[in-house]
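A structural walkthrough
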Amino acid sequence: MAEKTSSKPTKVVNEPDAKRGAAKAGKPRQPAAKSSARKPAATKPAATKAAATKTKDAKPTLLSGGNPQIAKGEGNAPVQAYIAAMPGWKSDAGRRLDALIVRTVPGVKKAVKWNSPFYGVEGQGWFLAYHCFTKYIKVTFFRGASLSPLPPVESKDKNTRYFHIHEGEHLDEELVASWIRQASELPGWMT
């Protein structure tokens with residue numbers, strides 16, 4: 001009977017190679033030296049343009065409590081961007097509050113600082129700011145302790161008072177306009 005033979009070639013180990021392999025096994029391997037030359041970063045012009053467009057058209061980030069993250073800036077444009085980014089019912093309340101302030105204090109100065117709209121009088125400082133929280137908008141009068149009647153919410157600062165606007169709550173525009181008018185006539189907070 002014929003014997004079967006394997007079709008695979010048999011590997012013959014050379015004696016010097018076997019000794020070298022045994023010698024390598026006993027020594028720890030040294031890492032290869034790294035080149036100090038840096039490879040240039042690959043750039044993709046199309047991806048860069050797409051990212052810029054996406055950033056420009058993206059909605060602002062909402063911080064804790066739903067407060068919009070808006071870049072610091074002077075004038076009406078950043079304040080309107082903040083109001084547009086206020087979530088849900090707060091955006092409409094922000095528009096109404098902004099309109100009330102503008103009607104009450106003609107020529108009011110506006111800015112966004114620390115992710116909050118600020119309102120002031122040129123040369124006198126800031127008299128009012130507001131900020132979104134989860135369940136309400138906190139309106140700050142920096143000299144609120146001098147207003148009559150006092151805004152209802154106390155502050156750690158003895159001069160500052162607040163009032164809160166909640167969803168579905170009727171805003172007493174006459175009272176709030178009175179506070180705004182009084183506050184705008186006082187020396188404001190200087191930044």
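Residues numbered from 1 in each chain as written. Predicted model: local features only at pLDDT ≥ 70, side-chain atom pairs only at ≥ 80, totals over all residues. Heavy atoms only, no water.

Things to note about the side chain of Ser184
Mapping Ser184 onto the fold places it in helix H5 (residues 173–184). Here Ser184 is in contact with Val105, Val121, Gln124 and Phe127, once residues within four sequence places are set aside. (Helix = DSSP H or I, 4+ residues; strand = E, 2+ residues; numbered from the N terminus. Contact = heavy atoms within 4.5 Å.)

Concerning the pattern of salt bridges
Going through the model one piece at a time under the given rule, you end up with four salt bridges. For Glu74, the salt bridge identified is with Lys113, shortest N-O distance 3.7 Å. With Glu74 in strand S1 (residues 73–74) and Lys113 in strand S2 (residues 109–113), the pair connects residues that are 39 residues apart, well separated along the chain. Assessed through its relative accessible area of 11%, Lys113 is described here as buried. In this structure, Lys110 engages Asp98 in a salt bridge whose closest nitrogen and oxygen atoms are separated by 2.9 Å. Highlighted residues: Lys110 in strand S2 and Asp98 in helix H4 (residues 89–104), separated in sequence by twelve residues. (Salt bridge = Lys/Arg side-chain N within 4 Å of Asp/Glu carboxyl O. Buried < 20%, exposed > 50% of the residue type's maximum accessible area, 1.4 Å probe, protein only.)

With respect to the nonpolar core
By size, the foremost hydrophobic cluster in this structure holds 30 residues, and its most contacted members are Tyr119, Phe127, Leu128, Tyr130, Val139, Phe141 and Ile180. Elements represented by at least two residues in this core include exactly helix H3 (76–85), H4, strand S4 (125–132), strand S5 (136–141), strand S7 (161–166) and H5. The leading source of residues in this core is H5, at five residues. The next biggest cluster of nonpolar side chains, apart from the first, holds five residues, and it includes Ala111, Phe118, Trp126 and Phe142. (Core = buried A, V, L, I, M, F, W, Y, C linked by side-chain atoms within 4.5 Å.)

Structural notes on unusual backbone geometry
Cis geometry is found at the peptide bond from Ser148 to Pro149, where omega equals -10°. By the element assignment, Pro149 lies in the loop between S5 and strand S6 (153–154). Unlike most non-glycine residues, Asn115 shows phi in positive territory, near 60°. Tracing the backbone through its elements, the reader meets Asn115 in the loop between S2 and strand S3 (116–121).

Things to note about the packing of H3 against H4
Running from N to C, H3 and H4 point in directions that differ by 145°, and their axes come no closer than 7 Å. Facing H3, whose interface residues are Val79, Gln80, Ile83 and Ala84, H4 presents Ser91, Gly94, Arg95 and Asp98. Considered class by class, the residues forming the contact of H3 with H4 number three nonpolar, three polar and two charged. (Axes fitted to C-alpha atoms, helices over the stretch in contact; angles between N-to-C directions. Nonpolar A, V, L, I, M, F, W, Y, C, P; charged D, E, K, R; others polar.)

Side note on the packing of aromatic side chains
Within the structure shown, the criterion is met by twelve aromatic pairs. An angle of 20° between the planes, with centres 5.7 Å apart, marks the rings of Phe118 and Phe142 as stacked. Pair noted here: Phe118 is in strand S3 and Phe142 is in the loop between S5 and S6, with a separation of 24 residues, a long-range link. Both residues of the pair, Phe118 and Phe142, count as buried. Every member of this aromatic cluster is reached through a ring pair, and the members are Trp114, Phe118, Trp126, Phe142 and Trp189. (Phe/Tyr/Trp six-rings, centres within 6.5 Å; stacked < 30°, edge-to-face > 60°.)

Some remarks on the sheet that holds S3
In spatial order, the strands read S1-S2-S3-S4-S5-S7-S6; together these seven strands make up an open sheet with antiparallel pairing. Each end of this open sheet is capped by a strand with a single partner; those strands are S1 and S6. Two elements, S2 and S3, share five bridges in a ladder whose sense is antiparallel. Residue Lys113 lies in a different strand from S3, and its bridge partner there is Ser116. (Pairing = 2+ DSSP bridges.)

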